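Descriptive structure summary
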Amino acid sequence: DPPLDDAVKNYIHALQQALQHVEFQDDRVALTYQWQPDLVGQFGSAWLNERQRTNIERYQRQLTDTIQASSGRLTLIELMQPLFALAHRQSSGLNAIEDNRAALLVLTFYVNELTLDKLITQAKTWPRPPWRPVQLQGREDLAKHYLVSACIAAFGDTPLANAVGLYKEVADSQGGSGFSFRDLAADHAGTRLGELAISNETKGQALQKRLATASESDIMPTSHHFEESMTEATFLKRYGGLQGEIYQNTVQEIDRLFEINHRNNLA
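Residues numbered from 1 in each chain as written. Predicted model: local features only at pLDDT ≥ 70, side-chain atom pairs only at ≥ 80, totals over all residues. Heavy atoms only, no water.

Things to note about the packing of helix α3 (residues 50–68) against helix α5 (residues 96–111)
Contact geometry of α3 with α5 gives a least axis separation of 9 Å together with a crossing angle of 50°. Taken together, the axes of α3 and α5 lie oblique to each other. In this structure, the crossing between α3 and α5 has a hand that is right-handed. In contact with R51, Q52, N55, I56, Y59, Q60, L63 and I67 of α3, α5 contributes E98, D99, A102, A103, L105, V106, L107 and Y110. A per-class count over the contact of α3 with α5 returns ten nonpolar, three polar and three charged. (Axes fitted to C-alpha atoms, helices over the stretch in contact; angles between N-to-C directions. Helix = DSSP H or I, 4+ residues; strand = E, 2+ residues; numbered from the N terminus. Parallel < 35°, antiparallel > 145°, perpendicular 65-115°, else oblique. Left-handed = near helix turned anticlockwise from the far one by under 90°. Contact = heavy atoms within 4.5 Å. Nonpolar A, V, L, I, M, F, W, Y, C, P; charged D, E, K, R; others polar.)

Description of the side chain of S180
Tracing the chain through its elements places S180 in the loop between α7 (158–173) and α8 (181–197). In this structure S180 comes out as buried when scored by relative accessible area, which is 2%. A polar side-chain atom of S180 sits 3.2 Å from the main-chain amide nitrogen of R182. From its side chain, S180 meets the backbone nitrogen of D183 in a polar contact 2.9 Å long. (Buried < 20%, exposed > 50% of the residue type's maximum accessible area, 1.4 Å probe, protein only. Polar contact = N/O pair within 3.5 Å; in protein donor to acceptor, adjacent residues only side chain to side chain.)

Concerning unusual backbone geometry
A positive phi angle, close to 60°, is found at E113, a residue other than glycine. Its location among the elements puts E113 in the loop between α5 and β4 (134–135). Its identity as a non-glycine residue notwithstanding, Q137 has a phi of 50°, on the positive side. Structurally, Q137 can be placed in the loop between β4 and α6 (140–155).

Structural notes on the packing of aromatic side chains
Counting across every chain of the model gives eight aromatic pairs. Consider the rings of F179 and F235, whose centres lie 4.1 Å apart with planes at 15°: the pair is stacked. Of this pair, F179 sits in the loop between α7 and α8 while F235 is found in helix α11 (residues 232–239), placing the two residues 56 residues apart along the sequence. Between F179 and Y247, the ring centres sit 6.2 Å apart and the planes meet at 75°, which makes this aromatic pair edge-to-face. Linking F179 in the loop between α7 and α8 with Y247 in helix α12 (residues 245–265), this pair joins segments that are 68 residues apart in sequence. One exposure class covers both F179 and Y247, and it is buried. (Phe/Tyr/Trp six-rings, centres within 6.5 Å; stacked < 30°, edge-to-face > 60°.)

Comments concerning the pattern of salt bridges
Applying the stated criterion across every chain yields a total of twelve salt bridges. Taking the shortest distance from any N to any O, the salt bridge between E98 and R51 comes out at 2.5 Å. Of the two residues, E98 is situated in helix α5 and R51 in helix α3; the sequence distance between them amounts to 47 residues. We classify R51 as partly exposed; its relative accessible area is 48%. The network of salt bridges with common partners includes R139, D141, D183 and E228. (Salt bridge = Lys/Arg side-chain N within 4 Å of Asp/Glu carboxyl O.)

Below, the structure is given as structure tokens:
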């Protein structure tokens, strides 16, 4: 086996320090640990290689330049255009998937007011753009929903991205902002973008070229007609809960609308 580099060794050591007790039970393993604030950053530093970290830094610098050169309200598409234009120039069809992931990661962290040093320790020395609200269809929450789902789909499996969005909406209906089909639509649209971004190198590069000049309606069709801000009781009464036929039909409508939109505008 190849020797472990210092970042991996440090991460393993940090895990050993955090882990306090392991208990094997009949059908599961129970772990007791003490959370260490820097553990996530050490994870990113350990398992992202130098080339990947350098690539992510490149998009962070582009994002910083874009925001510093702009004024007024920011929209998601205004930030996506220069990052994916850079991706198209950078990847040349050879590393499109990796570039798409890097661009989505940088955007997702910025829009959700997170700093990349939460994931990558070295990012503490990178340029950090001043945070300003970013909107999709005039709303900040839609931009956040969209990018979180896109990033999860690009880095993980699609069911996980859908589950995160659905869990958020159910939690909102129990005391937050309420269940919102409009938020769920943003989740689904973001997931489709994330899927397309990593489908293969050819499609990934074609997506870069398209996003470099795309409009907001290209990445997400209008969603104003979808119902939102429903309490749990209202959601159950009108849609029959997550297993209800009306709910399932509404989700299918969202999927069909966004599949057509992405096929016509992004694929």
